[in-house]
Amino acid sequence: MTIIVTGGAGFIGSNFIFHMLQKYPQYRIVCVDKLTYAGNLSTLAPVMEEPNFRFVKLDICDKAGVQQVFEEEHPDIVVNFAAESHVDRSIEDPDIFLQTNILGTATLMNACRKYGIRRYHQVSTDEVYGDLPLDRPDLFFTENTPLHTSSPYSSSKAGADLLVLAYHRTYGLPVTISRCSNNYGPYHFPEKLIPLMIVNALHDKPLPVYGKGENVRDWLYVEDHCKAIDLIIHKGREGEVYNVGGHNEMRNIDIVKLICKELGKPESLITFVADRKGHDMRYAIDPTKIHAELGWLPETKFADGIKKTIRWYLDNRTWWETIISGEYRDYYEKMYGNR
Ligand code: NAD
Ligand code: DAU
């Protein structure tokens, strides 16, 4: 079995590669990644020399390059994590989101059609459903919730999802889609809420909470997401969408306060800043389908997962200190300087 994992130098893709190499030592894993600002080759250092692992630096929009990898590797499965993934960046500059997230998906699927494939899996997001009101805790996203996006990022992901389903219906491509809630865990790029707050708190820097911090996200430990994708690519039904989430809704402000408490830092570091444009209020996944069909359930409780995550950032300072010493500084100044 050969699996192409795109975006494997990023947060979830790298965790997925570690999971697969450990669980299926007989599989060949080929990571295709452009190494954008969010991709980090040092993350993959522990597996780089494994005989059943190969890294290819490549843009998924590069048609000839993608076809060459297919000719060389004859993949059975493609799992597409490669994407521009940060909502705030998409608000500043949408173009690259359309390019990578929509056209890149099409390029990969065209290669799948040309060379044949057992499964193309699209890693999507709960953000394609838009948001839910805070005063209706009884409402959840199901796979039948209409797509209703808020940001250029989520719109590009929804566009890709529609294309994936169209390739299934029109060409019979054997596809699956997973739509997951917010992940957290090791190797999370420190522009996202949880790692940004950990890194800032460790430096006694202000903790910038958007608006009033009342927005709710449904947090899932990254390993549980990887296990869900593992199940879907092996046992999920072709043409189907699976929601992935663990009923773990938390307000942003409560997450930030918890991080302060765990690190022994004062809550006075919390600074309320201008809200994100078009900010989604609440995400909440109904994971009934993946539980009923594939037996998936999250295994890591938030109380344990957040402790493990904070421990990882304390033990792996070089990983994130290298990141925040580069281009990240300019990004931070631009995003938070006048907020
Ligand atoms: P990330 O930003 O950490 O990593 C993205 C990776 O894709 C990077 O390694 C980057 O170099 C690579 N990449 C970007 N453009 C590329 C291109 N044109 N060609 C090849 N590689 C390219 O993202 P993440 O948080 O790991 O998210 C992975 C996927 O999961 C994304 O598709 C995202 O939409 C989805 N998702 C993320 C979350 C979350 O909470 N982070 C939740 C649900 C779904
Ligand atoms: O729901 C899945 C999505 O989760 C994924 O599809 C995205 O790729 C991923 O980035 C994530 O999107 P969010 O916008 O929910 O994540 P982010 O970490 O950027 O923000 C989480 C919440 O925290 C959101 O309500 C905005 C808020 N926030 C974020 C940052 C970076 C702050 O209050 N301050 C901040 O500095």
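Structure: above.
Here we summarise the structure given alongside this text. (Residues numbered from 1 in each chain as written. Chains lettered and ligands numbered in written order. Predicted model: local features only at pLDDT ≥ 70, side-chain atom pairs only at ≥ 80, totals over all residues. Heavy atoms only, no water.)

Details of the overall build of the chain
Note the cut-off: Helix and strand assignments come from DSSP, with helices taken as H or I runs of at least 4 residues and strands as E runs of at least 2, each series counted from the N terminus. Each residue is placed in one exposure class: buried if its accessible area under a 1.4 Å probe, protein chains only, is under 20% of its type's maximum, exposed if it is over 50%, and partly exposed if it falls in between. Every residue pair with non-hydrogen atoms within 4.5 Å of one another is taken to be in contact. To be clear on the numbers: accessible area is Shrake-Rupley with a 1.4 Å probe, and residue cover counts the displayed protein chains and nothing else. Counted as positive: Lys and Arg. Counted as negative: Asp and Glu, with His and the chain ends omitted from the count. Where a charge lies is defined by one atom per residue type: Lys uses NZ, Arg uses CZ, Asp uses CG and Glu uses CD.
When helices and strands are counted, the chain shows twelve helices and 13 strands. Dimensions of the chain along its principal axes, counting C-alpha atoms only, are 55 × 45 × 35 Å. Counting every position in the chain, which comprises 339 residues, the buried fraction comes to 58%. Contacts in the chain between residues far apart in sequence, at least 24 positions, make up 83% of those at least 6 positions apart. Accessible surface computed for the chain: about 14300 Å², of which carbon and sulfur atoms make up 50%. Here the chain contributes 38 positive and 45 negative side-chain charges, whose respective centroids are spaced 1 Å apart.

What about the packing of aromatic side chains?
In plain terms, the rule: Note on aromatic contacts: the rings of Phe and Tyr and the six-membered ring of Trp form a pair at centre separations within 6.5 Å, being stacked when their planes are under 30 degrees apart, edge-to-face when over 60 apart, and tilted otherwise. By the criterion adopted, a ring carries a charge over it if an Arg CZ or a Lys NZ lies within 6 Å of its centre and within 35 degrees of its normal.
Enumeration according to the criterion identifies 22 aromatic pairs in this entry. Relative to tyrosine 153, the ring of phenylalanine 97 lies with its centre 6.4 Å away and its plane at 80 degrees, an arrangement referred to as edge-to-face. Taken together, the residues span a long stretch of sequence, with phenylalanine 97 in helix H4 (residues 95–115) and tyrosine 153 in helix H5 (residues 152–171) at a distance of 56 residues. The pair phenylalanine 97 / tyrosine 153 is uniform in exposure class, with both members buried. Taken together, the ring pairs connect Tyr37, Phe189, Tyr210, Tyr328, Tyr331, Tyr332 and Tyr336 into an aromatic cluster. One cation-aromatic arrangement involves arginine 89 over tyrosine 37; the distance from NZ or CZ to the ring centre is 3.5 Å. A cation sits over an aromatic face here: lysine 289 above tyrosine 242, 4.8 Å from the ring centre.

Focus: the site of ligand 1
Under the convention used in this document: Proximity is defined per residue: any heavy atom of the residue falling within 4 Å of a molecule or strand makes that residue near it. N or O atoms within 3.5 Å of each other form a polar contact, as long as, within protein, one can give a hydrogen and the other can take it, and as long as residues adjacent in sequence are counted only when both atoms are side-chain atoms. Residue classes follow a fixed rule: Ala, Val, Leu, Ile, Met, Phe, Trp, Tyr, Cys and Pro count as nonpolar, while Asp, Glu, Lys and Arg count as charged, and any other residue, Gly among them, counts as polar.
Taken together, 28 residues sit near ligand 1, with Ile12, Asp33, Ser85, Tyr153 and Lys157 positioned nearest. A distance of 3.1 Å separates an oxygen atom of ligand 1 from a polar backbone atom of phenylalanine 11. Taking leucine 35, its main chain carries an N or O atom lying 3.5 Å from an oxygen atom of ligand 1. Of all the elements, strand S5 (residues 119–125) adds the most residues to the shell around ligand 1, at three residues. The residue inventory of the shell around ligand 1, partitioned by class, reads 13 nonpolar, eleven polar and four charged.

Examining the site of ligand 2
In the vicinity of ligand 2, 25 residues are found, and the nearest of them are Asp126, Tyr153, Arg276, His279 and Tyr336. At 2.8 Å from an oxygen atom of ligand 2 is found a side-chain nitrogen or oxygen belonging to glutamate 127. With the chains in place, 94% of the 690 Å² that ligand 2 exposes on its own is no longer accessible. Among the elements of the structure, helix H6 (193–202) and strand S8 (207–210) are those that each provide at least two residues to the shell around ligand 2. Of the residues assigned to the shell around ligand 2, the class counts are eleven nonpolar, eight polar and six charged.

Some thoughts on the sheet that holds strand S2 (residues 28–33)
Our working rule: One bridge is not enough; two strands pair if DSSP finds at least two bridges between them. Axis angles are defined between N-to-C directions and span 0 to 180 degrees, where every axis is a line fitted to C-alpha atoms and, for a helix, only to the segment in contact.
Here seven strands make up an open sheet; going across it, the order is S3-S2-S1-S4-S5-S6-S11 and the pairing parallel. A strand with exactly one partner marks an edge of an open sheet, and here the two such strands are strand S3 (53–57) and strand S11 (240–244). Taken pair by pair, the neighbouring strands of this sheet meet at an average axis angle of 20 degrees, ignoring direction. As defined by bridge partners, strand S4 (residues 77–80) adjoins S5 across four bridges and the pair is classed as parallel. Pairing of valine 78 across the sheet is with tyrosine 120, part of S5. Relative to S2, helix H2 (residues 63–73) is tilted by about 170 degrees, and along the sheet it contacts strand S1 (2–6), S2, S3 and S4.

Describing the side chain of asparagine 215
Counting through the fold element by element, asparagine 215 comes out in the loop between S8 and strand S9 (216–218). What makes asparagine 215 buried here is its relative accessible area of 3%. There is a polar contact of 3.3 Å between the side chain of asparagine 215 and the side chain of histidine 279. Look past the residues within four positions of asparagine 215 in its chain and what remains in contact with it is Tyr210, Met250, Arg251, Asn252, His279, Asp280 and Met281.

Points about the state of the cysteines
Condition: Here, the term disulfide refers to a pair of cysteine sulfur atoms separated by no more than 2.5 Å.
A full pass over the atoms with the stated rule returns zero disulfides. Cysteine cysteine 31 shares no disulfide, and the gap to the nearest cysteine sulfur, in cysteine 226, comes to 13 Å. For cysteine 180, which is in no disulfide, the shortest distance to another cysteine sulfur is to cysteine 226 and amounts to 9.2 Å. Taking relative accessible area as the criterion, cysteine 180 reaches 3% and is therefore assigned buried.

Points about the pattern of salt bridges
As a reminder of what qualifies: Every case where a carboxyl oxygen of Asp or Glu lies within 4 Å of a side-chain nitrogen of Lys or Arg is listed as a salt bridge.
According to the stated counting rule, one finds 23 salt bridges in the structure shown. A salt bridge links lysine 34 to aspartate 59; the nearest nitrogen and oxygen atoms lie 3.6 Å apart. Of the two residues, lysine 34 is situated in the loop between S2 and S3 and aspartate 59 in the loop between S3 and H2; the sequence distance between them amounts to 25 residues. Residue classification places aspartate 59 among the partly exposed residues on the basis of a relative accessible area of 23%. The residue aspartate 76 makes a salt bridge to arginine 118 at a minimum N-O spacing of 3.8 Å. Of the two residues, aspartate 76 is situated in the loop between H2 and S4 and arginine 118 in the loop between H4 and S5; the sequence distance between them amounts to 42 residues. On the basis of relative accessibility, which here comes to 18%, the residue aspartate 76 falls in the buried class.

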